[in-house]
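# Overview (structure and organization)
Read off the chains here:
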Amino acid sequence: MASTESLRKEFEQYMDSHGVKYSTVNSGDNIDLLSFDRDGESTRVFVDFDEEGEASTVHFCVQNFAKVKSEELLAKALLVVNGLNMRFRWLKFYVNTETLNITADCDAKVFPGSVGEECTEICFRAASIIDDAFDDLGEIIEKDDDDAPSREELLAMLKKMMAQLADE
């Protein structure tokens, strides 16, 4: 049985040899990130080589790739996401009903000797599916603005500044 780290390194070597750009998010936890351009924006696929049990499974996650515009659209978003789950078999989609963020993920069993090709294929397939999903999600999601912090981020920054001012 191969180690989790050796599987991640094999994946990275495959991407290096094929000119696929990636970054290592956390080598200790064996997590890599691939970014794909989508109409001037980015689809980010996290590749997490599982540490638990046998080192032969990988979790792929396109976390918070979209956000439902408002709570009033949540029911419609859930119906659209359900439709995406029926349409695409490679990823499962879900909506966090508290934050209204939409995430897609999947798992795969991998094998030494083919993990690089397998994981790279899944990443490219996930990015393509996300591109297609944006057509279905259309009017119910916010437009992505990476430079602008979310409401939750703004509130967290405000609380942090208030705490710092209180300490002075």
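Quick summary incoming for the structure in this document.

### Focus: the overall build of the protein chain
Looking only at helices and strands, one finds four helices and six strands in the protein chain. Listing the helices and strands of the protein chain from first to last along the sequence gives α-β-β-β-β-α-β-β-α-α. Taken across its 168 residues, the protein chain has 38% of its residues classed as buried. For the protein chain, the share of sequence-separated contacts (at least 6 apart) that also reach a separation of at least 24 residues comes to 57%. For the protein chain, the exposed surface amounts to about 10,300 Å²; the carbon and sulfur share of it is 50%.

### Observations regarding the sheet that holds strand S2 (residues 31–38)
In any sheet, the strands associate via hydrogen bonds between backbone groups, in a parallel or an antiparallel arrangement. Strand order in the open sheet formed by six strands is S1-S2-S3-S4-S6-S5, with antiparallel pairing between adjacent strands. Looking at strand neighbours, the two that pair on one side only are strand S1 (23–26) and strand S5 (92–95), the edges of this open sheet. Each strand axis lies, on average, 30° off the axis of its neighbour in the sheet, ignoring direction. One ladder, built from four bridges, connects strand S3 (residues 41–49) with strand S4 (residues 57–67); its direction is antiparallel. By the bridge assignment for S4, Phe-46 is matched with Cys-61. Here helix H3 (residues 115–137) sits on the sheet in contact with S2, S3, S4, S5 and strand S6 (101–109), set at roughly 20° to S4.

### Let's talk about the state of the cysteines
Taken as a whole and assessed by the stated rule, the structure comprises zero disulfides. The thiol sulfur of Cys-119 is not disulfide-bonded, and the nearest other cysteine sulfur, from Cys-123, lies at 6.7 Å. For Cys-119, a relative accessible area of 0% corresponds to the buried category.

### Some remarks on the pairing of S3
Pairing geometry for S2 and S3, over eight bridges, is antiparallel. Pairing of Leu-33 across the sheet is with Phe-46, part of S3. The turn joining S2 and S3, which pair antiparallel and follow one another in sequence, is formed by two residues; a positive phi near 50° is taken by Asp-39.

The rules behind each value
- What you see as residue numbers is a count from 1 along each chain, following the sequence as written.
- Only residues with pLDDT of at least 70 get local features here, since the model is predicted, and only at 80 or more are side-chain atom pairs given and counted; chain-wide, interface and lining totals rely on the full set of residues.
- Hydrogens and water are ignored here; the side-chain numbers use all heavy atoms of the structure.
- Secondary structure follows DSSP: runs of H or I at least 4 residues long count as helices, runs of E at least 2 residues long count as strands, and numbering of each begins at the N terminus.
- Throughout, exposure labels follow a simple rule: accessible area from a 1.4 Å probe, protein chains only, divided by the maximum for the residue type, with under 20% read as buried, over 50% as exposed, and the rest as partly exposed.
- We call two residues in contact when some of their heavy atoms are within 4.5 Å.
- Here the Shrake-Rupley method, with its probe set to 1.4 Å, supplies the accessible areas, and only the displayed protein chains count as covering residues.
- Following DSSP output, two strands are said to pair if at least two bridges run between them.
- Inter-axis angles, ranging from 0 to 180 degrees, are taken between N-to-C directions of lines fitted to C-alpha atoms, where helices are fitted over the stretch in contact.
- When two cysteine sulfur atoms are found within 2.5 Å, that pair is recorded as a disulfide.

Any functional reading would require information beyond the geometric quantities listed.
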